[in-house]
Structure formats: C-alpha cells, structure tokens
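Descriptive analysis of the structure
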Protein chains: 4
Amino acid sequence: MPTPLAATVPTNDNTTLLSDLMRVRARTVALCDPLGPEDCVVQSAPETSPAKWHLAHTTWFFETFILQPFVDGYKAFHPDFGFLFNSYYESVGSFYSRKDRGLLTRPLFSEVLNYRRHVDQHLEKLLTQSGQEDADEITARCTLGMHHEQQHQELLLTDIKHLFWCNPLRPIYRERADEASSAATPVEWLAFPAGVYEAGHSGAGFAFDNEIPKHREYLEPFRIASRPVDSGKFIKFIDDNGYGTPTLWLSDGWQAVHERGWNAPMYWEQRDEQWWQMTLSGMRQVDPSEPVCHVSYYEADAFARWSGKRLPTETEWEIAAARQQNDGNFVEDGRLHPRPHSDGAAFFGDVWEWTASAYSPYPGYKANAGALGEYNGKFMINQQVLRGGSCVTPRSHIRHTYRNFFYPHERWQFKGLRLADK
Amino acid sequence: MPTPLAATVPTNDNTTLLSDLMRVRARTVALCDPLGPEDCVVQSAPETSPAKWHLAHTTWFFETFILQPFVDGYKAFHPDFGFLFNSYYESVGSFYSRKDRGLLTRPLFSEVLNYRRHVDQHLEKLLTQSGQEDADEITARCTLGMHHEQQHQELLLTDIKHLFWCNPLRPIYRERADEASSAATPVEWLAFPAGVYEAGHSGAGFAFDNEIPKHREYLEPFRIASRPVDSGKFIKFIDDNGYGTPTLWLSDGWQAVHERGWNAPMYWEQRDEQWWQMTLSGMRQVDPSEPVCHVSYYEADAFARWSGKRLPTETEWEIAAARQQNDGNFVEDGRLHPRPHSDGAAFFGDVWEWTASAYSPYPGYKANAGALGEYNGKFMINQQVLRGGSCVTPRSHIRHTYRNFFYPHERWQFKGLRLADK
Amino acid sequence: MPTPLAATVPTNDNTTLLSDLMRVRARTVALCDPLGPEDCVVQSAPETSPAKWHLAHTTWFFETFILQPFVDGYKAFHPDFGFLFNSYYESVGSFYSRKDRGLLTRPLFSEVLNYRRHVDQHLEKLLTQSGQEDADEITARCTLGMHHEQQHQELLLTDIKHLFWCNPLRPIYRERADEASSAATPVEWLAFPAGVYEAGHSGAGFAFDNEIPKHREYLEPFRIASRPVDSGKFIKFIDDNGYGTPTLWLSDGWQAVHERGWNAPMYWEQRDEQWWQMTLSGMRQVDPSEPVCHVSYYEADAFARWSGKRLPTETEWEIAAARQQNDGNFVEDGRLHPRPHSDGAAFFGDVWEWTASAYSPYPGYKANAGALGEYNGKFMINQQVLRGGSCVTPRSHIRHTYRNFFYPHERWQFKGLRLADK
Amino acid sequence: MPTPLAATVPTNDNTTLLSDLMRVRARTVALCDPLGPEDCVVQSAPETSPAKWHLAHTTWFFETFILQPFVDGYKAFHPDFGFLFNSYYESVGSFYSRKDRGLLTRPLFSEVLNYRRHVDQHLEKLLTQSGQEDADEITARCTLGMHHEQQHQELLLTDIKHLFWCNPLRPIYRERADEASSAATPVEWLAFPAGVYEAGHSGAGFAFDNEIPKHREYLEPFRIASRPVDSGKFIKFIDDNGYGTPTLWLSDGWQAVHERGWNAPMYWEQRDEQWWQMTLSGMRQVDPSEPVCHVSYYEADAFARWSGKRLPTETEWEIAAARQQNDGNFVEDGRLHPRPHSDGAAFFGDVWEWTASAYSPYPGYKANAGALGEYNGKFMINQQVLRGGSCVTPRSHIRHTYRNFFYPHERWQFKGLRLADK
C-alpha cells in the first residue's frame, strides 16, 4: 500500500490531466530534436546529466511511483532501469553513481524512447480507467510527476548549454536572430511597510511540499527593485575591479573567486575589449540591457554590496511578486536567453533570482510521506533560495510561492539577481 | 585616521579595563602551562591552529588595531609578524597560508612570549595615559580584543584536544578524577505562545556586531527542551542504526557519513562494547548522563528527526535562554568536559548547541567599519548558528544573544544539541 | 621544408603501400560497426579515448604530417580539427585537454567519417602521382602512419572494453561461442648461455625509432618459460593470499593494491565462488587454461616472486622470441580474448607481456627529427616495456623487436606475463 | 631465530665497531644542537620526517633488529614505540602513517633522548660480551644499523632545510662565511672504450644488498665529464627558455614543470635579476662556479638534451669513478652546501648525480632474508639511481658502488648532474 500524497495535492479533472500530462511528456522529447545521439549521452560536469538520462529518469519516476503501485501485475520495462535511472531516492533502493551517468552509452537513445512509449501507454490506460479507488492519489502523483518533468526540461537545456560550451566549436542548439536592443529602463523601487505578512502556499493549485504551509513572518520596512540587475550595470562592477576587491566578498566567495579563477559571469569571454557570451544560439555579444545571468550567489552578494544595497529575502521577494503578473520571458518564448527589460515591474522569467535566504523548512513543514518525501526536504542545508523562474522554465511551472535552490557557488543555471534595501 | 568602532561598543572604566585585559592576556599564556614547546607548534588539521599561533595572533590583534593607530611612532615588534600572524584580515594586507601555520617553528615559543610582553607593556602605558582624545575608541577596541582573545582561548583548547587525539599515546592535558554519575534528570518542555518577539542585543554591555540590531521576529508557538540531549539517548540512536538509515539524514549529511566513515560522535571509540571518548584528561568512558558532544550539524539534525522532534531556531533558543541564569559549566570550572545534568533548565556552558538557523545578518545589520568589519559579516554563508557556550568557554564571554557559527560538518568544537517541537 | 623521416624508415613499393594503407584505414572504421554513435563518443577514463576520437586523430596524423607538408596548397578540412585531434605533439601546437576528449559530441560521427574520406582521397591522389621528389619521405611517413593507425585500432578495442565494463548492463561488442577448453600444456624452460647478444632492429622492414639501433648486451645465463602464465596458476596465487602478503610486493605495488582495492585481475568478478570476467563478448567464466590477462606490472612482479621466479628482461625476451614463429592469436582471429595454450612455444599474440625492463633509450638512440620525434622518446621514464602483442593487436603490426610501454599500475590493456629464472 | 644477515656483510673487529657505532650515534644527536624542540617535531612535506622522528627511528632499528632478537629477556623501552617508529617494515608489524609523523608531539624530544641512551647502553653491553654465539650476525647488523643511521643523518639535514625554507623568516641552521669564488675550471672528458666491464660490489667492506652481486655489463664506447654541471651553465639553460621549451623535456617532466610551476632549481629565488638560494646558512646568492643543486631528474635530463649530451648510465659512472679518489666535499667539511669546483676530476661529495638508469636489481640480486630484506629491493620501480654522495653525506658512508635512488620529480635532496656523450 503506497504512502499517500493525495492529501496535499489537489485533484484535477482526469481528461485535462491526461492531455496535460501527454503534452508535457511530448515536450521533453521535442527538446532533443536539435540534438544528435552523441549530444544526448555525454555528461559534461558532475552536477549535470545527459539528455538521455533526463528522458529516462522522468519516465522511471512515473513507472516507480504510479505504475508499479497502482497497476496490478505491472512488470518493469527492464529489470536494471530502476538502478540506472533512480536519481537519489534512497528509500527506493540503490542507484547508479551520479557523476558517472555519462558512461551509460546503453540503453541507446532509441531504447529510451521505447521505454517512454511503454510507460506513456500504461499511464494513458490507467488514467482512462473508470472507478479507480486510488483516483485521487493517482491524480496527485501524476501532477507531481508532470511538474517533476518540467524541472528536468529546464535542466536538460542548462546541461546542453554547459556541454556545448565545453566544445571549442561552440555548437548551436537553436539558431536565433539578434534582437535590436534599447537602453534599459530605469529601476523603480517598490516600498513595503513593516508588519506581519503571510508567505507560502495554501488552497487550490499545485505546489511542492517545500512551499507549504502558509505561515506568518514579521518584516521590517523594505524596498525592492522593479527588475533584475542588467549586464551593463554588472560590467561596471567588473570595470570597478569588483572581482579584485576582497572587502566586497563573503569569505567563501573570495576563496571561490581565487580557486575557480572567476573574473566575469559564467559563459562570458572578452574579445577585443568586448564581452561575449555563450548562449544556446552560440556566441553572442553581451547586451547591456539584458539581465545579467549565470552568476553565483557569491557574485550576486558582492555586486549588491558594491551597489550599497543587499539581496532581498525570499519572503520580501514573494510579497512583492504576489502583486505582479506572471508574464515574463519563458521557454515557450523560444529565446532561451534573458530578454532586455522593457518596462513595468518584472518578477517572472528571464533569470532565477538569488535571495538572501538559506533554503530551510517553513515553520510546521512536513515532508511528503514515503519515498516522495525525499523530493525536497533533504536538501534543506547549504543552499540558497532562488525565485521567479527563467527563460528556460516552462511558464505553467512557475508561481510566486515557488522555491528553487542551489549551492552558492553554482552558476550553470540561468541565475541573476535583484536588489533590495532598507 | 582609523575607522571608528566606538559607536557600537560601550565604554568602560579604564582601570577596570586594564586589569580585566591583563587578566585575560595572562590566562591565555597559563593555558599553555601543561604543554611542551613541541605541543605548541604543531597544527593537526587545516581548521585548527597551533597554540603558539594563537598566542601570537591575539597579540598581533592588539598591535595592529590599537598600538599602531593610537601610539605615536609605534614600531612593530618584528617586521614579518604582520604577515605571519594576521589570520584573515584582507584589508590589513596579505597573510601566511592558514593551513601551513604548523610549519612556523620560528619564532620560537620563547620569542612569542617576548612579543606578548612587549605589546602588553605598550597597552598598559597607553591605557594609563590621561587625556587621550581617542579614549573611547581605544576602550572599544581593547574590549573587542579581550573578547577576541577569549575566543582564541577556547580554540586553543579544542585544537590541543584534536592534536592529542591524533597521537596513539593519547596524551593528557590535565589530570582529572572521575566524578560519580547519576541518572540524567528528565527533560522538561518549556512552552512559548505565538507572537512577535524581540531578539538581538541592544543597550549597554559588550556584544559583537552580528548580535545587533535588536529586531522583531514572528514566532509560531513552540516548545523547547530544558537541557541538551544526553549521551545515553544518543547511544540509543546509534543502537537503532541511526547512522545507517538514510531517511533520517539531510542529503549532504548522508554523504558526509559515508565519505568520513562516521558511526558515532567524534572522539568516541568502542572497546569491548563500551563507548569510550578522548577528553582533555585522556580516554574516559562515556557517561550516559552527560550531554552528547562533538557532533556535526548533520548528526544533530538526524538525531532530532529520529526523535520525532526538531532543532530550535536561534531565536527560539534566545527567547527561552533570556529567562535563564548563565550559571553553567565553563572553562573556569576546570572540568574541560560536559557535566552530567543535575536539575533545572540548563542553557549555558557544557556544549554549544546547534540551531536550525543558517548564520545570516539580522535585518539592518551593519558590519564594523574598516578592517574590523571583517570580523563576523564575511562568514555569513554556509554556516549554522550555535548558542550557549561550552565547558571550554570563559564564563564572562557568553550571553544569551551570543551567536557562534561553524560549518555543518565540523565536529572538533564542543558541540551538542537541544530539541524543540511544534 | 619538413624534417625528414625517410632515412630511418625503408621505402616500399607505392602500389602496395596505397592498398595496404587503404586496407588499414578501412579496418579502423569497420571496428566501429558493432557500435552506436553514443558508444563512440564517451570516454570512460582519463587514459582512454572515445572511438570517434581515434578515428579523427589517426586522420589528423596523415593530414598534418603528410598532406600539409607535401600537397601544394592543401587546406585543412576544418580549421579547429588541428587543435581538437592533436594528441600530444607539442611542436605542432596546442591541443585539447586529453582527459576531456569525451566532451566532444561535435563533430558528429558522420562528420568524422567525412573527414576520413576527404583525407583518404588526398592521400590516394598523392600516392599515385608520379615524379614526386619527396617520394621516399612520403612513403616513410605513410608507413609510420599506418603503424600508428594500427596502434589506435588496438586502443579502440581496449577502450570500448573499458567503457562497456562501466555499464551495469555489460553490453556485448561481438557475440562469440564458448570454445571447449583443455588442460594447459606444461611450461617448458628455454635455456640460454651467458654471452654478448645483439638486440634491436636493423636492416629492411619497418620499425619504430625506439627499436633502433641494434646494439650489444651482455647477458648472464638465463631460462625463460615457453608460454605466458595461465589463469589457473594465477588463481592459486589469489587463493594463497597473494594480494594480502606484503612481502611479495614492490612498495609502490602494495600501495596500489590498497588504494585501488585490487584483489584479482581487472575485469574479474567472483560469483558463487567462481571467477568471471568481462570480455568483448560480455561476461564469461575464467578459463584456467587461458593466459591471465589485465594485470598490472605490480601484480606480474608479485606473482613472479610468489613463484620463486622473476620476470624476464626485455632483451632476454627478444633473444628467445627471435627464434619463434609469429603465429599467435591476433585481432584477425576474431576472438578478442586470449586463447588457452595448446602446445609449442608461444611468444606472440594473446597478451602483452610485462618485462623487468624500464622503458629507456637504447645506446645510441636518436629520436626522429621534428615533431615526429615526439612519438616515442619523450615517454622513456616511469614506464615498463611489454613485448609480444595481444589478441587485439593486428598481426602485421608486431615483430620480435617491438617495444610497447605502459605505466606499472595500468591494467586496461590486454597484459599478462611470462616467467624467467636464473 | 632471526633470519641471518651475516653471510652478506663482512665481520669487523668488535672494539672498533663499538666505538664507530657510538661515534655515529652521537653524531646524529649533535646534528640537533642548532635546533629548538619545535624545529625537531614538525614535518614540512609528506616525504620528509621530523628530526625527532629520525632520532627515534634509528634507535628503533637497533632495538628491533639487534636487542630484541639477541638480548635475552629484552623488554621494549615503550610498548607503543614499535608502532610509532617503524618506518615501512611490513614484516615487523603495522606502523604509524608516514605523512602524519609531524603530529607526534609526544614523546617529547627529551624522552626520545632517553630512549636513545637506553638502547645505546644495551648495545654497548651486548657488544662487549664475550662468547656470543651470534657474534657475526650481531656485527653484521650493527654495521648495517650504522650505515642506516648515516642515511638518516643526511635526511635530517635535507628535511630541516626544507622546513626552514617554508618559513618566511628563512632561519639559519648554521652560520657560515661566504667563500671567495673563482671561475669554474673547464670540464674535461674522460673516454672509455667499448667492452664488457664489471660493476657492483664484492669482497671485503660493507655494501648494501642492492650493490651486489658484482656482474658484467657490455658498454659501448663513452665519454663522461670530469665534474658535475655548474650553476652558471644551468642559468644559461634558464636564460635560453629551457623551462619553456617542450621538446627538451620528457612528457612526464613537462607535466611536472606545469603542475608544479618550476622555473628554476628548488630553493632558488630571483631578486633584482640575481638568483638567490636557500641554504642551511640562510639565503645566499647563487655562485655560478658551484655545482647546480636541487634539480629533479626531469630537469637534469632536459638540461642534458639542451646541451646536446646525455646523462651517464649508472655503470658508466661507476666505471669512471672507480679510478677516482673519494675526497670530495662531505658533511664533515661543514659547508653543508656544494663547493665551487677547483681542479681535477670530482666524482664524490657536493651533489648526488642523477643517472640515466632506472633503479633495478642487478642480475642475480637477492634481497636480505627476513624483515631486513625490505631495506632496498622493494623500491626497485619508478625511481632513478643517483651516485656519488653529497655535501651532507658522511664521508665514510660513500663508495663508488653506492646506489642511491629517488623518484624523478623529487628535488629536496642535494641532487645535481654530470654529462656524458657518445
């Protein structure tokens, strides 16, 4: 008897669910269209995964958490795939070494597609059965699986970008015409008074367990910028010897600068005194009006200190974003790169924004029961919260209570920052 | 013109200050009485320092931040000591590699004592001069230097314990008779209602910049244990395969358990099915009634999860401790080891207590100006807050707003834990 | 004007050379027939290379050392391939990091085949031109290039074996029926008297520069075994706690045993008290009559000491092998695995044999001129000589003066040993 | 019943032996006179040892191999010293981690002196007993122990030099006046015809097992320089971009240059375009007439290639040195630094000389029986032979058959080179 998830994830209509699910599943495969099989197998860093592994792991997720517990007599597609494509669920059993995922030339890409079709067919059958006594739980898990798959869609793109950057040929994932740039609009400062605020998710609609429960927090008065920091401003930080001024940096950050030889955001290169950057459309000149991207927490924090400001806490960000439209530049826009800011407040899309908040449980947090409880809670140490989604995030995946989290030194995601003060 | 500290550290009477200062300075030297010169020079891990280095560095602190700016024509005792004994103050200049402090066989121990005497004489002269226009600032810095030196007194003892543990001869720092143990008294649960509370330091009395400003925080209702977890309870966790149960651990913690081969607190060894531990008095059997000590954050957190409880946040701890007497087992008691709990609430001494709070700036935090601003703020990432002081902390050093901080994997300090719930 | 190689490599007839060359070139591509593109791109250890890289690098060799110097106006197939596919020729220019070859998903496999065709066409045109003034030099370099390509054919197979072994699915490169085994024939001891012998290559026929010049060496009387050590005997060494007896091992070997956790040859696994091994035909039970394979120098040396014997020097081996037929089990036999010994002396094929000789220059050794001088001489330190070729070596590649060399700890090649005494 | 050594080490007269032994033992202690206890405990690199450890280990050697087997009822001075001060004799039992010897602040220096006195008294008593049935074996082992202790005297000095070099204060071990330098005398070339030569030790007088047996070797005609390469010539190599020219270097050497950042011999520093060097008398300007010192095998080999010459083999060196007086600059001369060459052939003292020969067993080599067999043989891999002794070697320790050995990258010994050709 599987441990239930249903209580915390609201039930949807099954017809919509099935079509949503299949659309999300198809989208993952479509992301591989511009890639050769060789591009899909290689792992370019321990924290990245091959595209083929993303395809297989997201399928394993549905097979393990839905088909095996809820389909009578379901037989695993392959006896070894449980070991190969479990990411980190200790409760489910042992798993293949994370840093060695790139060694798995077999199963071949074509076999993984077969695996996906097999699981999709069983999912379809399960979701169109009537009178399922576990219907709520199945719906809840399918919904979780869909959001899980969207997370891996984003990772697939960030990981391909990293892989292509390792190649001196600097391959292009998708051709894209340059867009005319215009001067960045001035930052506005949104002001909020002191008081006890509510944060976190409650009510209808999907949310991960780490967004729950809704809870109260006292905030001192604060101001928060209307948009992320742009590259032009970040170049000023570089030109002002920001990377060479120890007093701007956290101690661990200063060490990272030296050990890793940082002197600019990841993927940036200087050519003839101009800054260029690797994008999913190949090498492009840095547009000073676009949000700065691919910075670590340390760089975000140092930039804020240099600016005489600070990073917002995650609650400050959430309170401000709650009032804004979720209408940013997402993966569906097809740019796969942050867009120069036009006007109005912009809190969603373009770049994930580092916050000053360590990733910790909300007061009263309870992890999901069973193996699915390993989804979020066990990472609540040593990482910082990011908010808002990026240009490679699916639009339907994001919301103002959404909490992303990474280690402070990591830069390969599309990460930028926003300033706050007071 | 030195950047001022005076505004944030209240002024004391100078006569008292001088005698306090000299008493603290003498105490550091006295801690080396049981040691040979060889014990004072070796560094047994990158995060520890030789006793001789502690003696010299605390002296460099007074020379650099007080004598050089405030004594006309002061000439450094030795032109290279600034480089050798600066710990991490980037603004002051470059410094000798931290992990290599143990290579400095010269200056010899006797020369370092000369250095101390030289600086003490100049401090005495400075503090007994009348009509100093910078009197407030000098007082503020001397006070800071005194607290800084007390921190190094504790480190000197924790570092010697580590060094002696590396030696199969298991040397004894101080002989001590066994004390009769009694059964641990039951834990009581202190309950607090929801509401907006105040935390942090304000007003008279010394505090580090990281305890400031006093600020408000909303807390949900909580309960907190009246005393730290004892070793007997921790042995139950071990016996229940706590170190072998992945679902009890944070992901980074589980990795630490495997990479470092942890199966018990640091300094523990099993002999004939009994747990023994290295102490500053040599190998002793673990007393089940004494607070468990030398655990990492990961172990504290896993134990709490196993108990069905959690660690308190630092604010919960502070609110509860504010009502308690600061009358614990400190370095002056001479045990140099946690004491079995007798009765009543115990929040101070014995063991530093890991809290669930990442070490972050308080709302409105400002680092000290100038080089002294590198004291606390630049470490506000990747570390967790500990509270309460330990059996090797000087009693006058501690207070309920005091924030200590270490990386989650570190165990060589005297660290334990206390449970909370709700 | 390229630096000449012709003087040291004898000239062949051009028609034969061209057909030989194209046959060798085609053979390399044919080795990839059982592989998917994904198998061809991944690098499973820093010392291995992807199959695709072998295909490209051997082509780069002809383009760089023959087409560019001897074809007027030759334009490189791709401007970046010189950087990507140079292995280690410092004189030719900088090159891509060796350990990162597996990151090169581009050029795709199909593009590398185009590269090969392009270069082959130009080679064919060059070799069929009449009246070439550099004909001797071109012939010499083509001959070297052919032997160079044969070396990479062997590496391609050893590297694929390593890659497939990293995969829990244990893929099969080529299906192969089990052969009936028979008891190993007894070892005979071939005896040689003391005296001054000649070793090394001279006269007609191709040889690498490291086999030259022929020179004299005084040998004490010695005996050498008629065939390599078999697996059955090696299992006796294992069963006699050979891997646990420090006095059998060189000090560096004993350290390797512990750091790497060796308790059997590479690719061996124990299942139900039987030894199994990974082969290019998947997992097979170890046949006690076949030569033991995939041992390091340290294991070979420890086994010899346990046997009360020693390894032969390379000159002893060469003197004994000079009298034998080169009719062993080579890649053309299609087994891709050592064959149980039948009868008669066996010095060629099956397994490379570790010798007691450090890889050093012969008296009077001169490296080739120019960049091709980096072929052999610069590796003459820290490596041991191996002799005789293996079951994945092309038959036409080997001769009794041939010197192979690897670091003592390396095991992924098909390496065994032969005993000597006196 | 101990395994005998006597057969291979000739017997001396006992009275002379005892006085020789005690003189050697006293000399080791005297080497520590200029040191403080702190200098004696620290280990500055994994391959070095603390002076105190040398004092204790050489004592353990006599206790373990002479007192314990030959003195009835002998009781070890301390039960743990066997574990602490065994260097690497696996047959004797487990031992303390080599890289952690510097953690052993206890036993204190004074206790180690007690240990030495205790063992010396028992040795004296044993050697003055009459009628010992094991007299020959005892003599043989005492002789070995004496030579073993002389080896550690040299190591003690090289290790102190390394330690003091790590200290920015650059302490002085022994004050020494500068000597007037004169131009280096020209190198002469000593020529030898082809033929079968004899090498190795036989007959009376002590030799290590690795010098035995005397054996024959065929040599091609060769010439060898009359003295080592001087620093002036080595500076020419540096100035000619020797460290930046890859074709001069072995592949492993080129890697070492880059990984370790070498651009000059160890202990050299450039100040105002002059080369200075750390010596046991502090920082001194490099004298172009003195033999170059503290170079790795890779540097020696690259220099030889740059010179259009080569390094001699160890047999070439031995044949040439056999005709020379052993009258060089040794530790007894008190310089503790190589001396500018005056005139005549110089093969002994000043600097150990790298040879082109890998350290391997002579034909017919047999290691000593029992644990003493671990003395030399187990290191016969991955190391190169050095010959001739250095300015910190005891004069009575060296002979023309003496084989020293180190890894090619090691530089902290007093190592230089001599050229050969043909």
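Residues numbered from 1 in each chain as written. Chains lettered and ligands numbered in written order. Predicted model: local features only at pLDDT ≥ 70, side-chain atom pairs only at ≥ 80, totals over all residues. Heavy atoms only, no water.

**Examining the relation of the copies chain C and chain D**
For clarity, the cut-off: We superpose the copies by least squares over the C-alpha atoms of residues that have a pLDDT of at least 70 in both of them. Contact definition: two residues touch when any of their heavy atoms are within 4.5 Å.
Rotating chain C by 180° and translating it 0.0 Å along the rotation axis places it on chain D, where the RMSD comes to 0.0 Å. Each copy turns onto its partner about a two-fold axis. Counting the interface residues of chain C, we find that 100% of their copies in chain D are interface residues as well, pointing to one common contact surface.

**Here's the deal with the packing of aromatic side chains**
Counted only if it meets this: Within 6.5 Å between ring centres, the rings of Phe, Tyr and Trp (the latter by its six-membered ring) count as paired, and their orientation is classed by plane angle as stacked under 30 degrees, edge-to-face over 60, tilted in between. Secondary structure elements are taken from DSSP: a helix is a run of H or I of four residues or more, a strand is a run of E of two residues or more, and numbering for both begins at the N terminus. Residue exposure (1.4 Å probe, protein chains only): buried if accessible area is under 20% of the type maximum, exposed if over 50%, otherwise partly exposed.
Scanning the entire structure with this criterion turns up 144 aromatic pairs over all chains. Summarising the aromatic geometry, the rings of F65 of chain B and Y89 of chain B are spaced 5.4 Å apart at their centres and angled 65° between planes, so their arrangement reads as edge-to-face. In this pair, F65 of chain B is assigned in helix 3 (residues 51-70) and Y89 of chain B in the loop between helix 4 (81-85) and helix 5 (109-128), connecting sequence segments 24 residues apart. The residues F65 of chain B and Y89 of chain B share a single accessibility class, namely buried. Aromatic side chains Y88 of chain D and F379 of chain D sit 5.0 Å apart centroid to centroid with 80° between the ring planes, which places their arrangement in the edge-to-face category. With a gap of 291 residues between them, Y88 of chain D in the loop between helix 4 (81-85) and helix 5 (109-128) and F379 of chain D in the loop between strand 8 (352-358) and strand 9 (384-387) connect regions that are remote in the sequence.

**Re helix 5 of chain D**
Counted only if it meets this: One less than the number of residues in a helix, times 1.5 Å, gives the span that helix is expected to have. By construction, the arc corresponds to the directions joining the helix axis to the C-beta atoms.
Taking 1.5 Å of rise per residue, the 20 residues of helix 5 of chain D would be expected to cover 28 Å, and the 29 Å separating its terminal C-alpha atoms lies within 8% of that figure. F109, V112, L113, Y115, R116, V119, D120, L123, L126 and L127 of chain D are the residues of helix 5 of chain D that are buried. Angularly, the buried residues of helix 5 of chain D cover 155° about the axis, an arc narrow enough to put them on a single face. For helix 5 of chain D, exposure combined with an orientation more than 90 degrees from the buried face picks out Q121, K125 and T128 of chain D. Buried residues along helix 5 of chain D sit against helix 2 (37-41) of chain B together with helix 1 (14-30), helix 2 (37-41), helix 3 (51-70), helix 4 and helix 6 (135-165) of chain D.

**Quick notes on the interface of chain C and chain D**
Put simply, the rule reads: Computed with a 1.4 Å rolling probe, the buried area is the accessible surface lost when two parts are put together, summed over both parts. When a carboxyl oxygen of Asp or Glu lies within 4 Å of a side-chain nitrogen of Lys or Arg, that pair is called a salt bridge. Each polar contact in these results corresponds to two N or O atoms within 3.5 Å; when the atoms are within protein, one needs to be able to donate a hydrogen and the other to accept it, and residues that are neighboring in sequence are counted only if both atoms are side-chain atoms.
At the interface, 29 residues of chain C touch 29 residues of chain D. Buried area between chain C and chain D, both sides added, is near 2,300 Å², and the carbon and sulfur share of it is 56%. Sorting the residues of chain C by area buried against chain D places R216, Y218 and I381 of chain C first, and these three jointly supply 25% of that buried surface. Where E220 of chain D meets R216 of chain C, a salt bridge forms, and the shortest distance between an N and an O atom there is 3.8 Å. Counting every contact that joins chain C to chain D gives twelve residue pairs in polar contact (both at pLDDT 80 or more). Secondary-structure elements contributing two or more residues to the side of chain C that touches chain D are strand 3 (215-219), helix 8 (251-260) and helix 9 (297-306) of chain C. Take the side of chain C that touches chain D: its biggest share by element is four residues, from strand 3 of chain C.

**Regarding the confidence of the model for chain A**
Defined as follows: Per residue, pLDDT captures the predictor's confidence, and it can take any value from 0 to 100.
Per-residue confidence for chain A gives a mean pLDDT of 94; residues scoring 70 or more make up 97%. Both confidence scores are given for the complex: pTM 0.96, ipTM 0.96.

**Overview of the interface of chain C and chain A**
Each side of the interface is counted separately: chain C has 30 residues, and chain A has 30 residues. Counting each side, the surface lost to burial between chain C and chain A is near 2,300 Å², with a carbon and sulfur contribution of 64%. Remark: the boundary between chain C and chain A carries four salt bridges. For D39 of chain A, the salt bridge goes to R106 of chain C, with nearest N and O atoms at 2.6 Å. Linking chain C to chain A there are twelve residue pairs in polar contact (both at pLDDT 80 or more). Of all the secondary structure elements, the ones that give two or more residues to the side of chain C that touches chain A are helix 2 (37-41), helix 4 (81-85) and helix 6 (135-165) of chain C.

**A short note on unusual backbone geometry**
Along the chain, I212 of chain A connects to P213 of chain A via a cis peptide bond; the corresponding omega equals 0°. By the element assignment, P213 of chain A lies in the loop between strand 2 (195-199) and strand 3 (215-219). Unlike most non-glycine residues, Y267 of chain C shows phi in positive territory, near 75°. Mapped onto the secondary structure, Y267 of chain C falls in the loop between helix 8 and strand 5 (268-271). Its relative accessible area of 2% is what places Y267 of chain C among the buried residues.

**So, the sheet that holds strand 9 (residues 384-387) of chain C**
Paired through their backbone hydrogen bonds, the strands of a sheet run either parallel or antiparallel. All names here are of chain C. So the rule is basically this: Note: two strands are recorded as paired if DSSP finds a minimum of 2 bridges between them.
Taken in spatial order, the four strands make up an open sheet running 10-9-8-11, and their pairing is mixed. The open sheet is flanked by strand 10 (404-406) and strand 11 (415-416), the only strands paired with a single partner. Across three bridges, the pairing between strand 9 and strand 10 is antiparallel. Note that in strand 10 the partner of Q384 across the bridge is F406.

**Some remarks on the pattern of salt bridges**
Scanning all chains against the criterion turns up 96 salt bridges over all chains. With a closest N to O distance of 2.9 Å, R305 of chain A and D301 of chain A form a salt bridge. Residue R305 of chain A and its partner D301 of chain A are located together in helix 9 (residues 297-306), separated by four residues, close to a single helical turn. What makes R305 of chain A partly exposed here is its relative accessible area of 35%. By relative accessible area, D301 of chain A is classed as buried at 10%. In this structure, R227 of chain D engages D230 of chain D in a salt bridge whose closest nitrogen and oxygen atoms are separated by 3.2 Å.

**As for the arrangement of the chains**
Separated in space, chain B and chain C share no contact, their closest pair of C-alpha atoms being 15 Å apart. One thing to see here is that chain A and chain D don't touch, and their nearest C-alpha atoms sit 15 Å from each other.

**Considering the relation of the copies chain C and chain A**
Rotating chain C by 180° and moving it 0.0 Å along the rotation axis overlays it on chain A with an RMSD of 0.0 Å. Interface residue correspondence from chain C to chain A reaches 100%, placing this contact among same-surface, isologous pairings.

**Some words on the packing of helix 1 (residues 14-30) of chain B against helix 5 of chain B**
All names here are of chain B. Convention followed: Only C-alpha atoms enter the line fits that serve as axes; for helices the fit covers just the stretch in contact. Angles between N-to-C directions range over 0 to 180 degrees. Each angle is binned into one of four classes, with values under 35 degrees roughly parallel, values over 145 roughly antiparallel, values of 65 to 115 roughly perpendicular, and all other values oblique. Under the scheme applied here, ten amino acids are nonpolar (Ala, Val, Leu, Ile, Met, Phe, Trp, Tyr, Cys and Pro), four are charged (Asp, Glu, Lys and Arg), and all others, including Gly, are polar.
Running from N to C, helix 1 and helix 5 point in directions that differ by 175°, and their axes come no closer than 10 Å. With respect to their mutual orientation, helix 1 and helix 5 come out roughly antiparallel. Contacts from N14, L17, L18, L21, M22, R25, T28 and V29 of helix 1 reach helix 5 at L113, R116, V119, D120, L123, E124, L127 and T128. Considered class by class, the residues forming the contact of helix 1 with helix 5 number nine nonpolar, three polar and four charged.

**What about the domain arrangement of chain A?**
All names here are of chain A. For clarity, the cut-off: For the purposes of this description, domain bounds are those given by an automatic or database domain assignment.
With domains assigned, chain A is organised as domain 1 (6-165) and domain 2 (189-421). Each of domain 1 and domain 2 has a C-alpha centre, and these two points are 27 Å apart. Across the boundary between the two partners, domain 1 contributes 31 residues, which contact 32 residues of domain 2. Here domain 1 meets domain 2 over a buried area of about 2,900 Å², counting both sides, of which 65% is carbon and sulfur. On the domain 1 side of the contact with domain 2, E154, K161 and W165 bury the most area, a combined 24% of that side's loss. For the pair domain 1 and domain 2, the number of links is zero salt bridges. The interface formed by domain 1 and domain 2 holds 16 residue pairs in polar contact (both at pLDDT 80 or more) in total. Breaking the side of domain 1 that touches domain 2 down by element, the ones donating at least two residues are helix 3 (51-70) and helix 6 (135-165). With 18 residues, helix 6 is the largest single contributor of residues to the side of domain 1 that touches domain 2. For the side of domain 1 that touches domain 2, a count of residues per class yields 13 nonpolar, eleven polar and seven charged.

**Description of the packing of helix 3 (residues 51-70) of chain C against helix 5 (residues 109-128) of chain C**
Residue and element names in this part refer to chain C. We apply this condition: In this scheme the handedness of a crossing depends on how the near helix is turned from the far one: anticlockwise by less than a right angle means left-handed, clockwise means right-handed.
At a minimum axis separation of 9 Å, helix 3 and helix 5 run at an interaxial angle of 30°. It follows from the interaxial angle that helix 3 and helix 5 lie roughly parallel. Note that helix 3 runs across helix 5; the crossing there is left-handed. Residues K52, L55, A56, T58, T59, W60, F62, E63, I66, L67 and F70 of helix 3 form the contact with helix 5, whose own contacting residues are F109, V112, L113, Y115, R116, V119, H122, L123 and L126. Tallied by class, the residues present in the contact of helix 3 with helix 5 amount to 14 nonpolar, three polar and three charged.

**Looking at the pairing of strand 6 (residues 274-279) of chain B**
All names here are of chain B. Pairing analysis gives four bridges linking strand 5 (residues 268-271) to strand 6, with the strands arranged antiparallel. Bridge pairing links R271 to Q274 in strand 6. What sits between strand 5 and strand 6 in their antiparallel hairpin is a turn of two residues, with D272 showing a positive phi close to 50°. For strand 6 and strand 7 (residues 282-285), the ladder comprises four bridges, and the chain directions are antiparallel. Opposite Q277, over in strand 7, you have R284 as the bridge partner. Between the antiparallel neighbours strand 6 and strand 7 lie two residues.

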